[in-house]
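# Examining the three-dimensional arrangement
One letter stands for each residue in the lines below.
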Amino acid sequence: MTEGPGAAILSIAMIAAFLLAAGGMWLVVKHTEVKKGLLMVTAAAVLLANVLIWTI
């Protein structure tokens, strides 16, 4: 289990991944900036994968 500042960093990364995914999906659904939306969703997936790696 991560303690200290590491836990805070992982928590902030998870919040950022959620916000990136939500914002990206909103852009894709609204058909305003589809490419940027897909890029945001991809960045969220990469950030989520990094958090999963860091917790192992």
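Below is a short write-up of the structure. (Residues numbered from 1 in each chain as written. Predicted model: local features only at pLDDT ≥ 70, side-chain atom pairs only at ≥ 80, totals over all residues. Heavy atoms only, no water.)

## Observations concerning the packing of helix α1 (residues 5–30) against helix α2 (residues 34–55)
Pairs of packed helices are described in terms of their axes, by the angle between the two and the distance that separates them. Where α1 contacts α2, the axes come no closer than 7 Å and their chain directions differ by 155°. In terms of orientation, α1 and α2 fall into the roughly antiparallel class. Judged by the twist between their axes, the crossing of α1 over α2 is left-handed. Here the contact of α1 with α2 is built from residues that sort into 20 nonpolar, four polar and one charged. (Axes fitted to C-alpha atoms, helices over the stretch in contact; angles between N-to-C directions. Helix = DSSP H or I, 4+ residues; strand = E, 2+ residues; numbered from the N terminus. Parallel < 35°, antiparallel > 145°, perpendicular 65-115°, else oblique. Left-handed = near helix turned anticlockwise from the far one by under 90°. Nonpolar A, V, L, I, M, F, W, Y, C, P; charged D, E, K, R; others polar.)

## Considerations on the environment of Ala-49
Mapped onto the secondary structure, Ala-49 falls in helix α2. Here the alpha-carbon distance between Ala-49 and Ala-17, two residues 32 residues apart in the chain, equals 9.9 Å.

## A closer look at α2
For α2, spanning 22 residues, the distance from its first C-alpha to its last is 32 Å, which sits close to the expected 32 Å at 1.5 Å a residue. When we look at burial in α2, the residues that qualify are Gly-37, Ala-44, Leu-47 and Val-51. All buried residues of α2 lie within an arc of 80° about the axis, which places them on one face of the element. In α2, the exposed residues that point more than 90 degrees away from the buried face are Lys-35, Leu-39, Leu-52 and Ile-53. Where the residues of α2 are buried, they touch α1. (Expected span 1.5 Å × (residues − 1). Buried < 20%, exposed > 50% of the residue type's maximum accessible area, 1.4 Å probe, protein only. Arc of directions from axis to C-beta. Contact = heavy atoms within 4.5 Å.)

## Description of α1
An α-helical segment advances 3.6 residues per turn. Residues three or four places apart therefore align on the same side. Between the first and last C-alpha of α1 there are 37 Å, a value that for 26 residues agrees with the 38 Å anticipated at 1.5 Å per step. Buried within α1 we find Leu-10, Ala-13, Ala-17, Gly-24 and Leu-27. Along its buried surface, α1 packs onto α2.

## Regarding the pattern of salt bridges
Taken as a whole, this structure holds one salt bridge when the rule is applied. Across the pair Lys-36 and Glu-33 runs a salt bridge whose closest N-O atoms are separated by 3.9 Å. (Salt bridge = Lys/Arg side-chain N within 4 Å of Asp/Glu carboxyl O.)

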